Amino acid sequence: MVRNKNEWRRRMAEKDSLFARFGFWKSRKHYLNKMTLRELIVAYFQYYAIQAYLAIGTVSLVVLAMNFPGVVPTLIVVGLSSLAYPLAWYLLHRYILHGQFLYRMPLTAPVWKRIHYDHHQDPYDLEVLFGALYTTLPTVAIVTMPMGWLIGGIGGAFAGLATGVFVTCFYEFCHCIQHLAYKPKSEFLKRIKKWHMSHHFHNENGNFGITNYVWDRAFGTFDPENTVLAKSPTVFNLGYTEEEAVKYPWVARVSGGLGPATPRERRISD
Ligand SMILES: [Zn+2]
Ligand SMILES: [Zn+2]
Ligand SMILES: [Zn+2]
């Protein structure tokens, strides 16, 4: 696989022009290392997936009110959904997003590129930081709705969905903050920011949690001080190396080649 920077640049420009943009998202590049907290908050609320979560969460609350199963079942569903969420995210992040099988199939390769490869290629590009709605929403619904339905019928199912989408908004916001060039005042944010940076810049096989590292601790992938795991050579390409790209060319093909090796080089070549 030959690195072809011009081809890669052309594809990137083409990709950007294909986006229907409005408000903040009209501007071509949005890099978190060059944004303020205020700009981030504006971009966050203008992003289509965040708006969809807030709308779906609000509608779910109405459905819950119209089919109210009682306070106790509702609280149980909200509690279980909040507990299931970090575990589901941990398993998906570790075994699906970092599972190195999605890029091996032509149908799933572009999806993997969009939902995780691009984010590790350039952790500061806000455009690929947010999860894609068509992958996040079904996942949230599968994790929360059947369980909610068993406990509280229709109302329970939508109590679960509402919890899932609002927790997703919280995750996405924390994830933005983790990549924004600013020092949070909150100890919680400072801590999770440091641990997520380790996942991006030290070793991608540690610290899979975004806001919650309970399952990293439980499953032995917690590396708070970058001392457990060695520095990983595949932290930006997730193992999709030139050799892999020869065998499984689909991600490279839709990316216009492999592009520059590090996020810094990518931005300089822009
Ligand atoms: Zn952009
Ligand atoms: Zn990240
Ligand atoms: Zn990751």
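The structure under discussion appears in the preceding block.
Since the structure is predicted, the reported quantities are computational estimates derived from the model, not experimental observations.

Cut-off values and rules
- Residues numbered from 1 in each chain as written.
- Chains lettered and ligands numbered in written order.
- Predicted model: local features only at pLDDT ≥ 70, side-chain atom pairs only at ≥ 80, totals over all residues.
- Heavy atoms only, no water.
- Helix = DSSP H or I, 4+ residues; strand = E, 2+ residues; numbered from the N terminus.
- Buried < 20%, exposed > 50% of the residue type's maximum accessible area, 1.4 Å probe, protein only.
- Areas by Shrake-Rupley, 256 points an atom, 1.4 Å probe, with all protein chains shown as cover.
- Core = buried A, V, L, I, M, F, W, Y, C linked by side-chain atoms within 4.5 Å.
- Contact = heavy atoms within 4.5 Å.
- Expected span 1.5 Å × (residues − 1).
- Bend = angle between axes of the 7 residues up to and from the residue.

**With respect to the overall build of the chain**
Check the secondary structure of the chain and you find 11 helices and 0 strands. The linear arrangement of helices and strands in the chain, starting from the amino end, is α-α-α-α-α-α-α-α-α-α-α. Buried residues in the chain amount to 49% of all 270 residues. Approximately 13000 Å² of the chain is accessible, and the part contributed by carbon and sulfur atoms is 68%.

**Overview of the nonpolar core**
Grouped together as the largest cluster of nonpolar side chains are 33 residues, with contacts concentrated most on Leu32, Met35, Leu40, Tyr53, Leu126, Phe130 and Cys176. With 10 residues, the top contributor of residues to this core is helix H6 (residues 133-179). Excluding anything up to four places from it in sequence, cysteine 176 contacts Leu32, Leu40, Tyr44, Leu126, Leu129 and Phe130. Formed by 12 residues, the second largest nonpolar core is a distinct cluster that contains Leu102, Ala109, Tyr117 and Tyr248.

**With respect to helix H4 (residues 71-97)**
The terminal C-alpha atoms of H4, which comprises 27 residues, lie 37 Å apart, in line with the 39 Å expected from a rise of 1.5 Å per residue. Where H4 bends most, the angle comes to about 25°, and this point is alanine 84, followed within four residues by the proline proline 86. Those residues of H4 that sit buried are Thr74, Val77, Ser81, Tyr85, Pro86, Ala88, Tyr90, His93 and Leu97. Among the structural elements, helix H3 (48-66), helix H5 (109-121), H6, helix H7 (187-201) and helix H8 (214-219) are those in contact with the buried residues of H4.

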